[in-house]
Protein chains: 2
Amino acid sequence: MKPFNAMSKEELSKEKEALSAAFAAHKAKGLSLNMARGKPSNEQIALSMSMLDVLTSSSNCNAEGGADCRNYGELTGIVDAKKLFSAYLDVALDEIIIVGSTSLTFMYDCMARAMLTGVLGSERPWMKEETVKFLCPVPGYDRHFSICQFLGIEMVNIPTANDGPDMDMIEKLVASDPQIKGMWCVPKYSNPSGITYSDKVIRRLAALKPAAKDFRVFCDNAYAVHEVYGDVPLLNPLAAFKEAGNPNMLYMFGSVNKMTFPGAGVGFFAASKENIAFTTQQLSMQAIGWDKLNMLRHVRFFKDINGIRAHMKKHAALLRPKFDAVLQKMETELAGRGAGEWIKPDGGYFITFFAHSGCAKRIVSLCKEAGVIMTDAGAMYPYGKDPNDSCIRIAPSFPSLTDLGAAMEVFCTAVKLATVERVLAS
Amino acid sequence: MKPFNAMSKEELSKEKEALSAAFAAHKAKGLSLNMARGKPSNEQIALSMSMLDVLTSSSNCNAEGGADCRNYGELTGIVDAKKLFSAYLDVALDEIIIVGSTSLTFMYDCMARAMLTGVLGSERPWMKEETVKFLCPVPGYDRHFSICQFLGIEMVNIPTANDGPDMDMIEKLVASDPQIKGMWCVPKYSNPSGITYSDKVIRRLAALKPAAKDFRVFCDNAYAVHEVYGDVPLLNPLAAFKEAGNPNMLYMFGSVNKMTFPGAGVGFFAASKENIAFTTQQLSMQAIGWDKLNMLRHVRFFKDINGIRAHMKKHAALLRPKFDAVLQKMETELAGRGAGEWIKPDGGYFITFFAHSGCAKRIVSLCKEAGVIMTDAGAMYPYGKDPNDSCIRIAPSFPSLTDLGAAMEVFCTAVKLATVERVLAS
């Protein structure tokens, strides 16, 4: 099959007619499918159901050291959970705080506290600065961007390659602009592209010399063990920042929401001892503690880091056929047609598709017409604005394989139709 | 027995000698007791243990309407929990949001959001105002005051009588000072005094005419059903504010942390429809949702508002003998001695003792010497400063009756000794 841009007007018109007919046929099926949310499937959720049996009315609910998980106390989390999740993030026991059910809320909270009071070493609350800017590797996670937008933090796009964000650009920007107070990143199986930052990128991040003395890398390590096609190692971020003499420059976040029950999991925050002490002091103003029974449930369910790894192999086994199905369909339908490119992710929850420039919105809108909900075009960029109107995020985890097949039929038809329309109009 | 201030110098010196000897004897026992924290006892916690059995690996985890409590969704909480806790607070279904495990964190969060962005109707974020002030009925809850202090909100003490705070003073202050953006209150079985605001006080609060158009009453309804000596009704705050034409002036908070498992409970926020819609929009920037499995556990455990009421009768039955023991000991040892006064609470978690002016710190310090930890003197006032150095909060819930007896022996001896020292020195 010829690439669309090598076709004559006549060929393109014919193609458009055929694609429109195919699209109308899809529409007639009255589908109602959703590939928008990185939501574990029912089969994945079922993997954790036995966690609901580990605490019963006859259980001993004491944590290691004797803390009663049924009563007040332990602001920074029970020691058992600290052991488990510090092993998970490869940090020390005094470099972690176990928080409430999600890490997103804690990321917001850290950002809000920085605005209200500043971080360790701030001269004043960030909100008292004239402007606060954050660097945002793109495409990225919409909810990170929403937090910045909500708090009035100006966002700066940073292009991302397959080994991480453009470090030349980041180094230059942070060195010269003291209004840049931090950056977001998802270093492993990144949301949405599924790539993992190279050791070199992590080392360059760790060695940044920002003009702002209270600069923070908000590192959302959401997918630390969320492999799909085998593990891709990530250089230990906190170790790298310590080695580079910048231990306090890193805030790292993690959670089990895509391991056990989304929304009913456990979140955690890792950072240098100094940052942890500073944050603990601040948290004592806003909380007595978080749900220790749920921490205990997770500890007794996973037992140790090997328990987590074994559990995540089962998740990968359920996710892999779905990722395969999406990638294979794109290969069959779109390869060599000049209708877009995609990244084969190593892990995580998404497949990123880059449509012919100017086509993403049209594709998402066509899909919707045919009953297939995709993440909004633009959502992977600050302010919802994709400068090329090109990036589309596909979330294959929740639908069944059958539904996924039907949705991908619609998607590929929509991609081709939108591309033909575009090439014809150009 | 004579009151201390009616004694001669000689009598006082003799008394001091006897009390010092008694105190030394207490000290020699090497006690280690704690009456500082409003913490349910193990017997109270045991009342909820069967809640750990209501969800197992074979349970249907769907909420009413079909929402899967094991996966993402339902930012404002499951409808089942809204039904239960809206009945509890006597508000409508669209006047409540069910949040994470504690209400304190949500109170902080509401205050932080007000500072960062303002509330519904604010002209600017509160943090952009020159000064933000909050009225604080005293004695009050130290953690409310910590939130204000942490966020740089100036606190103004408001004296409280047995029917609520000094409304003349509040009306006058809020009408004239636009920097006063709100006030704290615990209207039922107040922390620490255990009194309940009269209908008249609630109506006057509801009818306030603040100079600040975005004034908010932060109403911590923490003890709505936490009776000890039978129910004392509270006029429905939200209904009163609506009736007075000020529906948006009230933020109400509640939680089950002193019904089921402290720290592992469910918190909720009630307000006008408009406030709920505004808050929901803001929350969508910072959260995907809170632990719905824990909401479901609570719903299936309590079943309905009658289940809550029956459960709280059991708590009252466990608390009453402890409150009785404290009150009786004070009656026997201190009544008519001019060594302080106390309030007999209707419910809640505390008994408030007002020592002879200038004696509270000394009493708490004496207790500590003898191994009895009391809440810090001053903690019930903004900035930890009790202007009379008089107020002491006694938390009788956690210790056993035997320990409580021993602790009260120490306390009463310390009260008398400190009073005699003071009278002698004056």
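The structure this text deals with has already been given above.
Here we look at the environment of Gly340(A)
Residue and element names in this part refer to chain A.
Working step 1: Tracing the chain through its elements places Gly-340 in the loop between helix 11 (305-334) and strand 10 (341-342).
Working step 2: On the basis of relative accessible area, Gly-340 is assigned to the partly exposed category, the value being 22%.
Working step 3: Considering only alpha carbons, one finds Gly-340 and Thr-419, 79 residues apart in sequence, at a separation of 8.6 Å.
Working step 4: Once residues lying within four places of it in the same chain are set aside, the contact partners of Gly-340 are Phe-353, Phe-354, Ala-355 and His-356.

Topic: unusual backbone geometry
Working step 1: Note that the residue after Asn191(A), namely Pro192(A), is joined by a cis bond; omega there is 5 degrees.
Working step 2: Following the sequence through the fold, Pro192(A) ends up in the loop between strand 6 (180-185) and helix 7 (199-206).
Working step 3: The residue after Val138(B), namely Pro139(B), is reached through a cis peptide bond having omega -5 degrees.
Working step 4: Note that Pro139(B) resides in the loop between strand 3 (133-138) and helix 5 (142-150).
Working step 5: Positive phi, normally seen in glycine, also occurs at Tyr383(B), with a value near 60 degrees.
Working step 6: As for its placement among the helices and strands, Tyr383(B) is situated in the loop between strand 12 (372-374) and strand 13 (391-394).

Let's talk about the interface of chain B and chain A
A common way to state how big an interface is: give the accessible area lost once the parts meet.
Working step 1: Contacts between the two partners involve 59 residues from chain B and, on the opposite side, 59 residues from chain A.
Working step 2: Summed over both sides, the interface of chain B with chain A buries roughly 5,000 Å², with 59% coming from carbon and sulfur.
Working step 3: Inspection of the region where chain B meets chain A yields 0 salt bridges.
Working step 4: Of all the secondary-structure elements, those providing two or more residues to the side of chain B that touches chain A are helix 2 (42-46), helix 4 (103-117), helix 5 and helix 10 (292-302) of chain B.

Regarding the nonpolar core
Working step 1: Grouped together as the largest cluster of nonpolar side chains are 217 residues, with contacts concentrated most on Phe85(A) and Phe85(B).
Working step 2: Those residues in contact with Phe85(A), other than ones at most four positions away along the chain, are Ile96(A), Ile98(A), Val256(A), Val266(A), Phe268(A), His298(A) and Ile308(A).
Working step 3: Within the second largest apolar cluster, 50 residues are counted, among which are Val326(A), Leu366(A), Val372(A) and Cys412(A).

Examining the relation of the copies chain B and chain A
Both copies of the chain are related through a single rotation about an axis accompanied by a shift along the same axis.
Working step 1: In the superposition of chain B on chain A (RMSD 0.0 Å, axial shift 0.0 Å), the rotation amounts to 180 degrees. Considering both components of the superposition, the chain copies are consistent with a two-fold axis.

Some words on the pattern of salt bridges
Residue and element names in this part refer to chain A.
Working step 1: What the rule picks out here adds up to 40 salt bridges over all chains.
Working step 2: Between Arg-70 and Asp-68 there is a salt bridge, and its shortest N-O distance comes to 2.9 Å.
Working step 3: Accessibility expressed as a relative area gives 18% for Asp-68, which makes it buried.
Working step 4: One salt bridge connects Asp-109 with Arg-113, and the closest N-O pair in it is separated by 3.3 Å. In this pair, Asp-109 and Arg-113 are both assigned in helix 4 (residues 103-117), 4 residues apart and thus about one turn of the helix distant.
Working step 5: In this structure Arg-113 comes out as buried when scored by relative accessible area, which is 3%.

Observations concerning the packing of helix 3 (residues 79-89) of chain B against helix 10 of chain B
Residue and element names in this part refer to chain B.
Working step 1: Direction vectors running N to C along helix 3 and helix 10 enclose 55 degrees, while the axes themselves pass 9 Å from each other. One way to sum up the angle between helix 3 and helix 10 is to call them oblique. Crossing of helix 3 over helix 10 shows left-handed handedness. Taking contact as the criterion, the partners of Asp-80, Ala-81, Leu-84 and Phe-85 in helix 3 are, on helix 10, Met-295, Leu-296, His-298, Val-299 and Phe-302.
Working step 2: Broken down by class, the residue content of the contact of helix 3 with helix 10 amounts to 7 nonpolar, 1 polar and 1 charged.

Quick look at the sheet that holds strand 2 (residues 96-98) of chain B
Residues and elements named next belong to chain B.
Working step 1: What the 8 strands build is an open sheet, ordered 2-9-8-7-6-3-4-5; its pairing is mixed. The outermost strands of the open sheet, each flanked by one partner alone, are strand 2 and strand 5 (164-165).
Working step 2: Across 2 bridges, the pairing between strand 4 (residues 154-161) and strand 5 is antiparallel. Its bridge partner being in strand 5, Ala-161 is matched across the sheet by Gly-164.
Working step 3: Across the sheet, helix 9 (residues 273-283) touches strand 2, strand 7 (216-220), strand 8 (250-255) and strand 9 (267-270), and the angle it forms with strand 2 is around 30 degrees.

Let's talk about the side chain of Asp109(A)
Working step 1: Asp109(A) sits in the buried class, given a relative accessible area of 8%.
Working step 2: A polar side-chain atom of Asp109(A) sits 2.7 Å from a polar atom in the side chain of Gln286(A).
Working step 3: Each residue touching Asp109(A), except ones within four places of it in the same chain, is listed here: Leu283(A), Gln286(A) and Tyr108(B).

Notes on the packing of aromatic side chains
Working step 1: In the structure shown here, the tally under the stated rule is 38 aromatic pairs over all chains.
Working step 2: Pairing Phe106(B) with Phe269(B) gives two aromatic rings, centres 5.4 Å apart and planes at 55 degrees, and the pair type is tilted. Here the residue Phe106(B) occupies a position in helix 4, and Phe269(B) occupies one in strand 9, the gap between them amounting to 163 residues. A single burial state applies to Phe106(B) and to Phe269(B), both of which are buried.
Working step 3: Both rings, one in Phe106(B) and one in Trp290(B), keep their centres 6.3 Å apart while their planes meet at 85 degrees; by these two values the pair is edge-to-face. Remark: Trp290(B) occurs in the loop between helix 9 and helix 10 and Phe106(B) occurs in helix 4; sequence separation between them is 184 residues. Both residues of the pair, Phe106(B) and Trp290(B), count as buried.
Working step 4: Among the aromatic residues, those joined into a ring-pair cluster are Phe106(A), Trp126(A), Phe134(A), Trp184(A), Phe218(A), Tyr251(A), Phe253(A), Phe269(A) and Trp290(A).

The rules we used
- Numbering of residues starts from 1 in each chain and follows the order in which that chain's sequence is written.
- Naming scheme: in the order in which they are written, chains are lettered from A and ligands are numbered from 1.
- With the structure being a predicted model, the display of local features is reserved for residues of pLDDT at least 70 and the display and counting of side-chain atom pairs for 80 or more, all residues being used for whole-chain, interface and lining totals.
- Side-chain numbers here rest on the full set of heavy atoms in the structure, without hydrogens or water.
- Secondary structure elements follow DSSP: runs of H or I no shorter than four residues count as helices, runs of E no shorter than two count as strands, and numbering proceeds from the N terminus.
- Only protein chains enter the area calculation, which uses a 1.4 Å probe; residues under 20% of their type maximum are buried, those over 50% are exposed, and those in between are partly exposed.
- Contact between two residues is taken to exist if any of their heavy atoms lie within 4.5 Å; hydrogens are not considered.
- Accessible surface is computed with a 1.4 Å probe, and the buried area is the amount of it that two parts give up when combined, taken over both parts together.
- Whenever a carboxyl oxygen of Asp or Glu lies within 4 Å of a side-chain nitrogen of Lys or Arg, that contact is scored as a salt bridge.
- Among buried residues, the Ala, Val, Leu, Ile, Met, Phe, Trp, Tyr and Cys ones that are joined through side-chain atoms within 4.5 Å form a nonpolar core.
- In superposing the copies, a least-squares fit is computed on C-alpha atoms, taking residues whose pLDDT is at least 70 in both.
- All axes here are fitted lines through C-alpha atoms, helices being fitted over the stretch that makes contact, and every angle between N-to-C directions spans 0 to 180 degrees.
- Each angle is binned into one of four classes, with values under 35 degrees roughly parallel, values over 145 roughly antiparallel, values of 65 to 115 roughly perpendicular, and all other values oblique.
- By convention, the crossing between two helices is left-handed when the near helix turns anticlockwise from the far helix through less than a right angle, and right-handed when the turn is clockwise.
- By the convention adopted, Pro, Cys, Tyr, Trp, Phe, Met, Ile, Leu, Val and Ala count as nonpolar, Lys, Arg, Asp and Glu as charged, and the other residues, Gly among them, as polar.
- In this analysis, strands are considered paired if DSSP registers two or more bridges between them.
- In protein, a polar contact requires one atom able to donate a hydrogen and another able to accept it; more generally it is a pair of N or O atoms within 3.5 Å, and residues adjacent in sequence count only if both atoms are side-chain atoms.
- Two rings from Phe, Tyr or Trp (for Trp, the six-membered ring) form a pair when their centres are within 6.5 Å of each other. A pair whose planes differ by under 30 degrees is stacked, one over 60 is edge-to-face, and the rest are tilted.

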